[in-house]
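Reading the structure
Here is how the chains run, residue by residue.
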Amino acid sequence: MTSRFYKKNKKFLSIIMTSILIGLTIFFIQSTPTRSENSSELVPTIFVHGYKGGPMSFGNMIDRFQDSNWGSKRMVVYVRSNGELSVRGGIPHNMNPMIQVLFEDDRASLQSQTLWMQKVMSTLYEKHDIEKANLVGHSMGGLASASFLMNNQQEGFPTIQKLAVIASPFEGIEKQEYFKNNNGPATDDLRPGSDALEYLFQHKEDFDQNVQVLAIAGVINPNDLEKNYWDGLVHTSSVQSLSEIVPFGSYQEHLVYGKAATHSGLHEHPEVDHMLGEFLWNIKSQP
């Protein structure tokens, strides 16, 4: 009787283990990211940090977007100082995939960043089958993204559908103290009237005509005089001057008011999250 009982239990355990293995196999097959059969349906959003920025410049924002189920972070593109790329992750069939671009040299010139953006975008197009994309840039990242859109006429790049810039100084930074405490080639480009900024306005006819643009600026004290309408670093008018570059009908702007609307605080601001969600993905939410 003991032998018969043992055999029955052994058979029963064998059936259970087989069922578990089959279940786990099905789970991992279904959980493994797969590429979209039609990559043209995917429109990843690419986030580009600003001067002295890094992983956390957009890291928290991307985390919040994921927590809200607005999309998911799928790739990080690390650009080394010599222009070589390291890519981590992939683009599966996924709603609103997000890509974070990180520059090792976070104080590089606008010209260098533009060339790096071209390399990033061509890599995404040629090696990852990304045919369409959106761009989001904070501060100098917005300048680099706009500059790329003036230098993407040749084939081999994804088609950019939307560009959002946050606190990007298209007329430069007037705060002289800023240049005493910071250095690198980027600081030359960020001065009002620099050759790099003038180039953007002088070649505005090269700006991609089909891109919808949103400019977001911060106003920490709306009761200040017009000349102090700023986020503590960049004046509102400097951000709004992007309207002189973007073709008529493709530009919109949004001002964020309050003490939290600082230059670095804007990419942590719930109202900015709300505006980006609506602009990029037509998601209606309360700020």
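See the structure printed just above.
This text gives an overview of the structure that appears in the document.

Reading the values: rules and limits
As a convention, each chain's residues are numbered from 1 in the sequence order in which they are written. The model is predicted, so local features are restricted to residues of pLDDT at least 70 and side-chain atom pairs to those at 80 or more, both for listing and for counting; the totals for chains, interfaces and linings are taken over all residues. As a rule here, side-chain values cover all heavy atoms of the structure and leave hydrogens and water aside. Salt bridges, as used here, are contacts in which a Lys or Arg side-chain nitrogen is within 4 Å of a carboxyl oxygen on Asp or Glu. A run of DSSP states H or I qualifies as a helix once it reaches four residues; a run of E qualifies as a strand once it reaches two. Both are numbered from the N-terminal end. Note on classification: 1.4 Å probe, protein chains only; a residue is buried when its accessible area is under 20% of the maximum for its type, exposed when over 50%, partly exposed between these limits. In protein, a polar contact requires one atom able to donate a hydrogen and another able to accept it; more generally it is a pair of N or O atoms within 3.5 Å, and residues adjacent in sequence count only if both atoms are side-chain atoms. We call two residues contacting when some pair of their heavy atoms lies within 4.5 Å. By definition here, a helix of n residues has an expected span of 1.5 Å times n minus one. A pair of strands is considered paired only if DSSP assigns at least 2 bridges between the two. For helices, the fitted axis covers only the stretch in contact; all axes are lines through C-alpha atoms, and the angles between them, taken along N-to-C directions, range from 0 to 180 degrees.

Notes on the pattern of salt bridges
Tallying each qualifying case throughout the model produces four salt bridges. Arg107 serves as the salt-bridge partner of Asp106, at 3.9 Å between the closest nitrogen and oxygen. Its salt-bridge partner being Lys284, residue Glu278 comes within 3.0 Å of it at the nearest N-O pair. One continuous salt-bridge network, built from bridges that share partners, spans Arg64, Glu268 and Asp273.

Some points on the side chain of Asn182
Mapping Asn182 onto the fold places it in the loop between α5 (176–181) and α6 (185–189). Overall, the relative accessible area of 9% leaves Asn182 in the buried class. Reaching out from Asn182, the side chain makes a polar contact with the side chain of Lys52 at a distance of 2.5 Å. Engagement of the side chain of Asn182 in a polar contact is seen with the backbone oxygen of Tyr178, the distance being 2.8 Å. Residues contacting Asn182, with those up to four places away along its chain left out, are Tyr51, Lys52 and Thr187.

Section: helix α3 (residues 110–128)
An ideal rise of 1.5 Å per residue puts 27 Å on 19 residues; α3 measures up with 26 Å between its terminal C-alpha atoms. Of all the residues in α3, the buried ones are Leu110, Gln113, Thr114, Trp116, Met117, Gln118, Val120, Met121, Ser122, Thr123, Leu124 and His128.

Things to note about the sheet that holds strand β2 (residues 72–79)
Paired through backbone hydrogen bonds, the strands of a sheet run either parallel or antiparallel to each other. Sheet architecture is open: eight strands sit in the order β3-β2-β4-β1-β5-β6-β7-β8, paired in mixed fashion. Both edges of this open sheet fall to β3 (85–89) and β8 (251–257), since each of them pairs with a single strand only. Within the sheet, the average angular offset between the axes of one strand and its neighbour, ignoring direction, is 20°. Of the pairings in the sheet, the one linking strand β6 (residues 159–166) to strand β7 (residues 212–219) comprises five bridges and is parallel in character. Counterpart to Ile166 in the pairing with β7 is Ile216. Sheet strands touched by helix α2 (residues 55–67): β1 (45–48), β2, β4 (97–103), β5 (132–138) and β6. Its angle to β4, the strand with the most contacts, is close to 170°. Packing of α3 onto the sheet brings it into contact with β1, β2, β3, β4, β5 and β6, and relative to β2 it is tilted by some 130°.

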